[in-house]
Amino acid sequence: MNSYSQVESTLQEVLEVIKPLHEDCVTRLKIINELREVVQSMESLRGATVEPFGSFVSNLFTRWGDLDISIELPYGSYVSSAGKKRKQTLLGELHRALKQKDGWQRLQFIPHARVPILKIESRWQNISCDISIDNLQGQIKSKFLFWLNEIDGRFREMVLLVKEWASANGINNPKTGTFNSYSLSLLVIFHFQTCAPAIFPPLKDIYPRNVVTDLTGVRADAERSIAQVCSSNIARFKSGRTINRSSLSELFISFIAKFSDINSKASEMGICTFTGQWEYITNNMRWLPRTYAIFVEDPFEQPENASRAVNQKQLIQIAEAFETTRCMLISANLAQSTLLPTLVRPKTFRFIVKQQSVSSSSYNGGHYPNTRPQVHQAVHSPLQMQQHQYRISRPSTSQMQHNQAQMMPSTSRVQSQFPKTRVENRPRPPHQYQKLTPSVSQVQAQLQRARPESSSGSFATRRPVQLKHNQGQMWRLKSDK
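All of these numbers come straight from a predicted model, not from anything done at the bench.

## Here we look at the overall build of the protein chain
Each helix and strand in the protein chain was counted, giving 17 helices and 9 strands. For the protein chain, the proportion of its 481 residues judged to be buried stands at 60%. Carbon and sulfur atoms make up 50% of the accessible area of the protein chain, which totals about 19100 Å².

What follows is the structure in structure tokens.
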């Protein structure tokens, strides 16, 4: 087996383990429902709603991923936001309320962060949650990443693999001066923009303005306008693109190689997914003065630096992790037993080995079996289900249904423009991914029960519930059919 084949089979096996299970989605929904009950019991948060965002909404979360939640305060139909002082006060009150409830542990209130945060851990699988107030910016960013995920399924696979690899190498923790998961996702976007042929366009070709600054006025109108522009531009890009047929292993190896000299480049250049290229810091006035070790611009909230937590000392460690992994990936006689400790955390490594022992009764000549263990059920894309489950906000059920019909610009239209086609008789190259299309009607009844009666329009799509094994969407290799 050559090195690319060995890397490919190993990456696929890693994905089988880190992709979320059905129960992982259900667990997160339980957490959201329990938190909603606490919020609804508080007089100071009367009329507020609980809305997830982050990787759970963008469908880029792993089995053990954290959960980001925004408490949206009632402002009628308009986009608004509480001041930092009020956010601190409300989160402090929520902190005290959760202390009185069973099922929550390791509560940590961080009032003086750039965005005040309440960190909690749920009894359900010990899932860690970050709670903020009025984080509409986080919700729109999550939705945008989901749209990119819909352009090409390899984006989701790469993000999951890169986050796992970064955690294994100690460079996915902003508390210690390394990357956060959002900046790692931006690096994958940048890689997809700069490979040949490009898988993604510059993000300005999808939305030509600063997304966050356009979140003004009537919330439903602002969100619908953004969705319409993105939907149209994504459809245009897809219709005229040249298909990139790289395998997952080729994309992963070239990703590691691309950033192996990130330390030297970062001193002069920044990563800009908005334009899809490296840009000299001295030529970019919005990035001056240079005060960061590395600049990865947030394309939706320019000129914010998504990697502002990275310090110079840890940037050296980041570069070493890239270079060490690059050398290993191109080495001869590469074995899975050598690959796995570099690609995954010890917890994931143990899980893979355990599953291999279950799926294969023989030890294959000193090497792990190359067959992929079937260890997880299909977990599906959030597009359709989000539009129902996380409309746990705003006025009444009938009003939410009316708003839903206006946002995105209607589910059927968005679905027709994003790549959710069923692949039945049409052949695909081996690396292509196909999805199972979820039935919204099948989850409607449950989601209606979860909705409070006092809510008003919210973002165009919300995070899904997965109710049955084969409902929803999931990117899977054709060989897994």
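## A word on the sheet that holds strand β4 (residues 117-122)
Judged by pairing direction, the sheet is mixed, and its 5 strands sit side by side in the order β1-β2-β5-β4-β3 without closing on themselves. With partners counted over all chains shown, the strands left at the sheet margins are β1 (49-53) and β3 (104-110), one partner each. This sheet shows a mean twist of 25° between the axes of neighbouring strands, independent of strand direction. Across the sheet, helix α4 (residues 84-99) touches β3, β4 and β5 (128-133), and the angle it forms with β3 is around 160°.

## Comments concerning the packing of aromatic side chains
Summed over the entire model, instances satisfying the criterion amount to 16 aromatic pairs. Note on Phe 259 and Trp 278: the rings are 6.3 Å apart at their centroids and 55° apart in plane angle, and the pair reads as tilted. With Phe 259 in the loop between α9 (248-258) and α10 (262-266) and Trp 278 in strand β7 (residues 277-280), this pair connects stretches of sequence that are 19 residues apart. An identical accessibility class is assigned to Phe 259 and Trp 278; each is buried. Pairwise contacts between aromatic rings join Trp 165, Phe 190, Phe 255, Phe 259, Trp 278 and Phe 322 into one cluster. The ring of Trp 124 has Lys 30 sitting right over it, with the charged end atom 4.3 Å from the ring centre.

## Details of the environment of Phe 255
Of note, Phe 255 is situated in helix α9. You can call Phe 255 buried: its relative accessible area is 0%. For the pair Phe 255 and Phe 192, spaced 63 residues apart in sequence, the C-alpha separation works out to 8.8 Å. When neighbours within four sequence positions are excluded, Phe 255 is seen to be in contact with Met 158, Val 162, Leu 187, Val 188, His 191 and Phe 322.

## A closer look at the side chain of Gln 302
When you line up the elements, Gln 302 lands in the loop between β7 and α11 (312-329). For Gln 302, a relative accessible area of 18% corresponds to the buried category.

## So, unusual backbone geometry
A cis amide bond, omega -10°, links Ala 196 with the succeeding residue Pro 197. Here Pro 197 is to be found in the loop between α7 (181-194) and α8 (219-240). Here the residue pair Leu 288 and Pro 289 is connected by a cis peptide bond, since its omega of -5° sits within 30 degrees of zero. The residue Pro 289 is located in the loop between β7 and α11 in this model. Despite not being glycine, Asn 59 has its phi angle at roughly 65°, a positive value. Although it is not a glycine, Gln 125 adopts a positive phi angle of roughly 55°.

## Points about the confidence of the model for the protein chain
Per-residue confidence for the protein chain averages 79 on the pLDDT scale, and 74% of its residues sit at or above 70. Contacts from residues 362-384, a stretch scored under 50 in pLDDT, to residues over four places away or in other chains number 87 contacts. Low confidence marks residues 386-481, where pLDDT is under 50. Its contacts with residues over four positions away, or in another chain, come to 288 contacts.

## Looking at the nonpolar core
If you look at soluble globular proteins, the nonpolar side chains tend to sit buried side by side. Phe 144, Leu 148, Phe 155 and Phe 252 are the most contacted members of the largest nonpolar core, which has 77 residues in total. With sequence-adjacent residues up to four places away left out, Phe 252 is seen in contact with Leu 11, Met 158, Leu 161, Val 162, Trp 165, Leu 329 and Leu 343. Judged by nonpolar contacts, the second largest core, of 30 residues, contains Val 50, Phe 61, Ile 69 and Leu 98.

## What to know about the environment of Thr 291
Among the structural elements, Thr 291 can be located in the loop between β7 and α11. Residue classification places Thr 291 among the exposed residues on the basis of a relative accessible area of 57%.

## Quick look at the pairing of strand β6 (residues 269-272)
Side-chain alternation along β6 places Met 269 and Ile 271 on one buried face and Gly 270 and Cys 272 on a second face that is also buried. The pairing of β6 with β7 spans 4 bridges and is antiparallel. Looking at β7, one finds that Ile 271 is bridged to Trp 278. Hairpin geometry of β6 and β7 is characterised by an intervening segment of 4 residues between the two adjacent antiparallel strands and by a positive phi of about 75° at Gly 276.

## Topic: helix α6 (residues 154-168)
If you check α6, its first and last C-alpha atoms are 21 Å apart, about what 15 residues at 1.5 Å a residue would give, namely 21 Å. Within α6, 13 of the 15 residues are buried, leaving the element largely enclosed by the surrounding structure.

## Re the environment of Tyr 182
Relative to the helices and strands, Tyr 182 resides in helix α7. Considering only alpha carbons, one finds Tyr 182 and Ser 142, 40 residues apart in sequence, at a separation of 9.6 Å. When near neighbours in sequence (up to four residues on either side) are disregarded, Tyr 182 contacts Lys 141, Leu 145, Asp 298, Pro 299, Phe 300 and Ala 306.

## Observations regarding the pattern of salt bridges
The tally for this structure, following the rule as stated, stands at 20 salt bridges. Linking Arg 219 and Glu 72 is a salt bridge whose minimum nitrogen-to-oxygen distance equals 3.4 Å. One end of the pair, Arg 219, is in helix α8; the other, Glu 72, is in strand β2 (residues 67-72), with 147 residues separating them in the sequence. Glu 72 carries the same exposure label as Arg 219, and that label is buried. Put simply, Glu 304 and Arg 114 hold a salt bridge, and the shortest N to O gap is 3.3 Å. Placement of the pair is Glu 304 in the loop between β7 and α11 and Arg 114 in the loop between β3 and β4, with a sequence separation of 190 residues. Exposure remark for Glu 304: the relative accessible area of 29% places this residue in the partly exposed category. A cluster of three or more residues bridged by salt bridges with shared partners is formed by Arg 114, Lys 141, Asp 298, Glu 301 and Glu 304.

Rules behind the numbers
- Residues numbered from 1 in each chain as written.
- Predicted model: local features only at pLDDT ≥ 70, side-chain atom pairs only at ≥ 80, totals over all residues.
- Heavy atoms only, no water.
- Helix = DSSP H or I, 4+ residues; strand = E, 2+ residues; numbered from the N terminus.
- Buried < 20%, exposed > 50% of the residue type's maximum accessible area, 1.4 Å probe, protein only.
- Areas by Shrake-Rupley, 256 points an atom, 1.4 Å probe, with all protein chains shown as cover.
- Pairing = 2+ DSSP bridges.
- Axes fitted to C-alpha atoms, helices over the stretch in contact; angles between N-to-C directions.
- Contact = heavy atoms within 4.5 Å.
- Phe/Tyr/Trp six-rings, centres within 6.5 Å; stacked < 30°, edge-to-face > 60°.
- Lys NZ or Arg CZ within 6 Å of the ring centre and 35° of its normal.
- pLDDT = per-residue confidence, 0-100.
- Core = buried A, V, L, I, M, F, W, Y, C linked by side-chain atoms within 4.5 Å.
- Expected span 1.5 Å × (residues − 1).
- Salt bridge = Lys/Arg side-chain N within 4 Å of Asp/Glu carboxyl O.

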